[in-house]
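Each chain, written out:
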Amino acid sequence: MSRPGTTGQPLRVAIIGAGPTAFYAAEQLLRQPCLVVEVDMLDRLPTPFGLVRGGVAPDHQRIKAVTAAFDKIAGLPGFRFFGGVELGKHVSVEDLRNHYHQIFYATGAQTDRRMGIPGEDLQRSHPATEFVAWYNGHPDYRDCPFDLSQECVAVVGVGNVAIDVARILCRTPEELETTDIADYALEALRESRVREVYLLGRRGPAQAAFTNPEIKELGELADADIVASPDEATLDELSRAALEHAQDRATMKKVEIIQGYATRPPSRKHRRLILRFLVSPVALIGNDAGEVTAMRLVKNRLIATPTGTLLARPSEALEDLAAGLVFRSVGYRGVPLPGVPFNESWGVVLNDKGRVLDPTSQQPLPGEYTGGWIKRGPTGVIGTNKPDATETVACMIEDLVRDFHLHPEQPAPAAAEQMLRDRQPRYVSYPDWRRLNALEIEGGRALGRPRLKFTRVEDMLAALGR
Ligand code: NAP
């Protein structure tokens, strides 16, 4: 039989997940100059775009505009989308091996890392990732309860997700009204009694994970003052020396922005956003009803490892911070996919440069690949996934040339479609998604919003007449 990739026998690829990496990989495969490729993209949600729809903050519409590029990719010949189809529920890896020459897992990081401290699971203590999914209208999280009657909120971590959460909590209804935030979230935030939001960094300003445009934006909110203590904003000797040695301009700028906040006079805005550094939560404290009321913090100092990394080392000094609502924003974590080798310690698919490895032999499995956060962990911005996908696609092409791929019993596109239809009769195709998209945009138009999102799967299917 001829090698897959010719007109007579196109290379058939299943991509699992429909986020940025999935689209970047699909584009690179479908644009291969000397190969005929067909891509079936499966996602457990009826809607495509992964974290661009469900993670990127609603007040960052410019970032969300990347979906226009994904939409073009979906228009390339050979592309099909099967929304509402879940690996492990509707189809197994074995089903995919029967229908495709190659499988590409791009499911992202679907849960949060834990802090591992007492009280973490008290009521009103939530993973930030759930709050993000809630305000973005993710169907699985739309009914999560967040008690916004609390005046004081603590967000643990100083990455860009923590910044997003703090910013959304501090925006005015007027600022949010022009975004595509979920309608129920807009209403809940309109009634919010939140007055103070603490962002808690365990290391110093020079080690904060957030990026400069994001921290700068916090200083430009319509009705929230940003506050930092001059003491905590001042660099310790180790950080100062490391920064001078590295001549890292971006970090110097970051420190400058934070120190600017420490000297900025308050302007009596309605809310306060307080940046804290060198503090770690050691316990969450609850009331008799099992709800969080405060957080015990330990003051840290920085120590240098032999490689020069600066780590937080706790001191003896403790303080209690009253907070009736806590968001733990200490990073996302990948979840294992049924039937796919997984590296538990890293929370990623077991892989080498995107080739999925057999856990016993540590050798590549034929025809199985991975990309994005489930390949490398939850780091980087949307664009980081492009070179990541490129690396994996290069392995796929290389392996194809040496005939290292799956040999499906039923490679015809019609056979895969039939199998998927049998397993999930209500799957959503890309033309279906375009109809939903048009309805969402139409719904938003009257309200002066970019779109009014469907947030229930049943509502999406009903709108499609299913
Ligand atoms: P992140 O950037 O890895 O930040 C995680 C934060 O949690 C860090 O401040 C980290 O501190 C802290 N942390 C980890 N474990 C902790 C613990 N046990 N106690 C206290 N603090 C702890 O993760 P993220 O914010 O979830 O973002 C994920 C990725 O998405 C990042 O690459 C981010 O840039 C990207 N993103 C980008 C945007 C944007 O471009 N606007 C928006 C959202 C997300 P240490 O540094 O000390 O470990």
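Our subject is the structure that appears above.
What you see is a predicted model, and the numbers here were worked out from it, not measured in a lab.

Chemist: Could you give an account of the packing of aromatic side chains, naming the residues involved and the relevant values?
Modeler: Counted under the stated rule, the structure contains 17 aromatic pairs. When the ring of phenylalanine 23 is compared with that of phenylalanine 79, the centres are 5.8 Å apart and the planes differ by 25 degrees; the resulting orientation is stacked. You can see phenylalanine 23 sitting in helix α1 (residues 20-30) and its partner phenylalanine 79 sitting in strand β3 (residues 79-83), a full 56 residues away along the chain. Taking the centre distance of 4.8 Å and the plane angle of 55 degrees together, the rings of phenylalanine 82 and tyrosine 427 count as tilted.

Chemist: Any details on the sheet that holds strand β11 (residues 279-286)? Residues and values, ideally.
Modeler: The strand order across the open sheet formed by 3 strands is β11-β12-β13, and the pairing between neighbours is antiparallel. In this open sheet, the two edge strands, each paired with only one partner strand, are β11 and β13 (310-322). When the angles between neighbouring strand axes are averaged without regard to direction, this sheet yields 20 degrees. Of the strand pairs in this sheet, β11 and strand β12 (residues 292-304) are connected by 7 bridges, and their pairing is antiparallel. Of the residues in β12, the one forming a bridge with glycine 286 is valine 292. Of the strands in this sheet, β12 and β13 touch helix α12 (residues 237-246), which is tilted by about 60 degrees from β12.

Chemist: Before we move on, can you summarise the sheet that holds strand β8 (residues 196-200) with the specific residues and values?
Modeler: Hydrogen bonding along the main chain pairs the strands of a sheet, whether they run parallel or antiparallel. Ordered by their spatial adjacency, 6 strands build an open sheet running β6-β14-β7-β8-β10-β9, and the pairing between neighbours is parallel. A strand with exactly one partner marks an edge of an open sheet, and here the two such strands are β6 (125-127) and β9 (224-228). For this sheet, the mean inter-axis angle between neighbouring strands, taken without regard to orientation, is 20 degrees. As paired strands, β6 and strand β14 (residues 325-328) are joined by 3 bridges and run parallel to one another. Looking across to β14, one finds that proline 127 is bridged to arginine 328.

Chemist: Kindly report on the site of the ligand, identifying the contributing residues and their values.
Modeler: Around the ligand, the structure places 21 residues, and the nearest of them are Asn160, Arg202, Arg203, Glu214 and Gly380. At a separation of 2.8 Å, an oxygen atom of the ligand approaches a polar side-chain atom of arginine 203. The contact in question runs from an oxygen atom of the ligand to an N or O atom on the backbone of glycine 380, over 2.8 Å. Look at the ligand: alone it shows 920 Å² of surface, and the protein chains cover 80% of it. The element that contributes the greatest number of residues to the shell around the ligand is helix α7 (residues 160-170), accounting for 3 residues. Here the residues of the shell around the ligand sort into 9 nonpolar, 7 polar and 5 charged.

Chemist: How would you sum up helix α15 (residues 385-401)? Please name residues and give values.
Modeler: Its 17 residues give α15 an end-to-end C-alpha distance of 24 Å, which sits within 8% of 24 Å, the value for a rise of 1.5 Å per residue. The set of residues buried in α15 consists of Asn385, Asp388, Ala389, Thr392, Val393, Cys395, Met396, Ile397, Asp399 and Leu400. Buried residues along α15 sit in contact with β1 (11-16), α1, β4 (102-105), β19 (355-357), β20 (364-370) and α14 (373-376). Phi turns positive, to about 60 degrees, at aspartate 403, one or two residues after α15.

Chemist: Tell me about the pattern of salt bridges, and please be specific about residues and values.
Modeler: Close approach of charged atoms allows side chains with opposite charge to pair. Here the structure, examined in full by the defined rule, presents 49 salt bridges. Residues joined by salt bridges that share partners form a network here, namely Arg12, Glu38, Asp40, Arg80, Glu417 and Arg421.

Chemist: So what's going on with the packing of α1 against α15? Which residues, and what values?
Modeler: Look at α1 against α15: their axes get within 9 Å of each other, and the N-to-C directions meet at 45 degrees. Classified by the angle between their axes, α1 and α15 sit oblique to one another. Where α1 crosses over α15, the handedness of that crossing is right-handed. Counted together, Pro20, Thr21, Tyr24, Ala25, Gln28 and Leu29 of α1 and Asn385, Lys386, Ala389, Thr390, Val393, Met396 and Ile397 of α15 form the full contact between these two elements. Grouping the constituent residues of the contact of α1 with α15 by class yields 8 nonpolar, 4 polar and 1 charged.

Thresholds applied
Residues numbered from 1 in each chain as written. Predicted model: local features only at pLDDT ≥ 70, side-chain atom pairs only at ≥ 80, totals over all residues. Heavy atoms only, no water. Phe/Tyr/Trp six-rings, centres within 6.5 Å; stacked < 30°, edge-to-face > 60°. Helix = DSSP H or I, 4+ residues; strand = E, 2+ residues; numbered from the N terminus. Pairing = 2+ DSSP bridges. Axes fitted to C-alpha atoms, helices over the stretch in contact; angles between N-to-C directions. Contact = heavy atoms within 4.5 Å. Near = heavy atom within 4 Å. Polar contact = N/O pair within 3.5 Å; in protein donor to acceptor, adjacent residues only side chain to side chain. Areas by Shrake-Rupley, 256 points an atom, 1.4 Å probe, with all protein chains shown as cover. Nonpolar A, V, L, I, M, F, W, Y, C, P; charged D, E, K, R; others polar. Expected span 1.5 Å × (residues − 1). Buried < 20%, exposed > 50% of the residue type's maximum accessible area, 1.4 Å probe, protein only. Salt bridge = Lys/Arg side-chain N within 4 Å of Asp/Glu carboxyl O. Parallel < 35°, antiparallel > 145°, perpendicular 65-115°, else oblique. Left-handed = near helix turned anticlockwise from the far one by under 90°.

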